[in-house]
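Geometric and topological summary
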Amino acid sequence: MRRKVIKQSAAGWLAVFLLAGLGMSPMTAWADAWALNPAEDFQQLAKQAKQDKQPIAIYFNRVRCGACEKLKDAAILPMIENGLLDGYVHMVEIRVDAKGETIRDFYGEPVENAFFQELYNVTTFPTIVFVDADGSEIGKRMVNSGAYDYVPYYLTERINQALEEMGNDKRME
């Protein structure tokens, strides 16, 4: 039993050294595969959403929010990684308390991240708000309940509701 543990440990270290030799840390390789894009320019995103007739899902997060990271890691990132959201919704993340970061709003003006928290009256974290290409809230927002196993079901339900409100016949199953 002890040899097996040592061999597995050696294999783990070998992988770390190989990644380091390629100029990547294990965390960089992992982060590249599992990404929820930060919101940067809602004006451009809105153009794409309008063209695709897809809602925009804004994942509101805080810098040191354990529940936010747990929800993202346990439910949202696996859906992104498996392509389950592709073609149905444009999902972005806003860390409302990130210092010195700005986002372009729907008119192309730079605003602080917290602006969107106030605009959509987000008081609980994490929260997912669905908006159309004009920035108007549509559908029912999703607030963390801690039941991470059910998030894919409820997220699918909310995305389908937002698609319907946008006049898009496409539905997630």
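Residues numbered from 1 in each chain as written. Predicted model: local features only at pLDDT ≥ 70, side-chain atom pairs only at ≥ 80, totals over all residues. Heavy atoms only, no water.

1. Comments concerning helix H3 (residues 42–52)
Filter applied, for reference: The buried label goes to any residue with under 20% of its type's maximum accessible area, the exposed label to any with over 50%, and the partly exposed label to all in between, with areas taken from a 1.4 Å probe on protein chains only. To qualify as a helix, a DSSP run of H or I must reach at least 4 residues; to qualify as a strand, a run of E must reach at least 2; elements of each kind are numbered from the N terminus. Directions from the helix axis toward the C-beta atoms define the arc. Working rule for contacts: check all heavy atoms of both residues, and any pair within 4.5 Å makes them a contact. Polar contact is defined as a pair of N or O atoms within 3.5 Å, subject to the rule that within protein one atom must be able to donate a hydrogen and the other to accept it, and that residues adjacent in sequence are counted only when both atoms are side-chain atoms.
Within the sequence span of H3, burial applies to Phe42, Leu45, Ala46 and Ala49. Looking down the long axis of H3, one finds its buried residues gathered within 100° of arc, a one-sided arrangement. Across H3 from its buried face, at more than 90 degrees, point the exposed residues Lys47 and Gln51. Those residues of H3 that are buried lie in contact with strand S1 (56–61), strand S2 (90–95), strand S3 (102–104) and helix H5 (114–119). The N-cap of H3, judged by a side-chain oxygen 3.0 Å from the amide nitrogen of Gln43 a few residues on, is Asp41. Directly after H3, the chain includes Lys53, whose backbone phi takes a positive value near 55°.

2. Re the pairing of S1
This is how it is decided: Note on pairing: two strands pair once DSSP finds at least 2 bridges between them. Here a crossover is taken to be right-handed if, once the strands point away from the viewer, the path from the first strand over the helix to the second is traced clockwise.
By the criterion of burial, S1 is predominantly enclosed, with six of the six residues buried. Here S1 shows a buried face lined by Ile56, Ile58 and Phe60 and a second buried face lined by Ala57, Tyr59 and Asn61. Taken together, the six bridges between S1 and S2 define a ladder with parallel strand orientation. Within S2, the residue paired with Asn61 across the bridge is Arg95. Handedness of the crossover joining S1 and S2 through helix H4 (residues 66–81) is recorded here as right-handed.

3. Structural notes on the state of the cysteines
Chemically, a disulfide is nothing more than a covalent bond linking the sulfur atoms of two cysteines. Test applied: When two cysteine sulfur atoms lie within 2.5 Å, the pair is treated as a disulfide.
Applying the stated criterion to the full structure yields one disulfide. Here Cys65 pairs with Cys68 through a disulfide, and the sulfurs are 2.2 Å apart. Taking the torsion about the sulfur-sulfur bond, which here is approximately 75°, the covalent link between Cys65 and Cys68 counts as right-handed. On the basis of relative accessibility, which here comes to 12%, the residue Cys65 falls in the buried class. Classification of Cys68 as buried rests on a relative accessible area of 0%.

4. A short note on the nonpolar core
To keep things clear, this is the line we draw: Residues enter a nonpolar core if they are buried and are Ala, Val, Leu, Ile, Met, Phe, Trp, Tyr or Cys, with the set joined through side-chain atoms within 4.5 Å.
Residues Phe42 and Phe60 are the most contacted members of the largest nonpolar core, which totals 47 residues. Secondary structure elements with two or more residues in this core: H3, S1, H4, S2, strand S5 (127–131) and helix H6 (151–165). It is H4 that provides the largest number of residues to this core, a total of six residues. Not counting the four nearest positions on each side in its chain, Phe42 is found in contact with Ile56, Ile58, Val92, Ile94, Ile103, Arg104, Asp105, Phe106 and Phe116.

5. With respect to the sheet that holds S5
What counts, and what does not: To get an axis, fit a line to the C-alpha atoms, keeping to the stretch in contact for a helix; angles then go from 0 to 180 degrees between the N-to-C directions.
The four strands are arranged S2-S1-S5-S6 in an open sheet whose pairing can be described as mixed. With partners counted over all chains shown, the strands left at the sheet margins are S2 and strand S6 (142–143), one partner each. Those strands touched by H4 are S1, S2 and S5, and its axis lies near 140° from that of S1.

So yeah, pure geometry; function would need other evidence.
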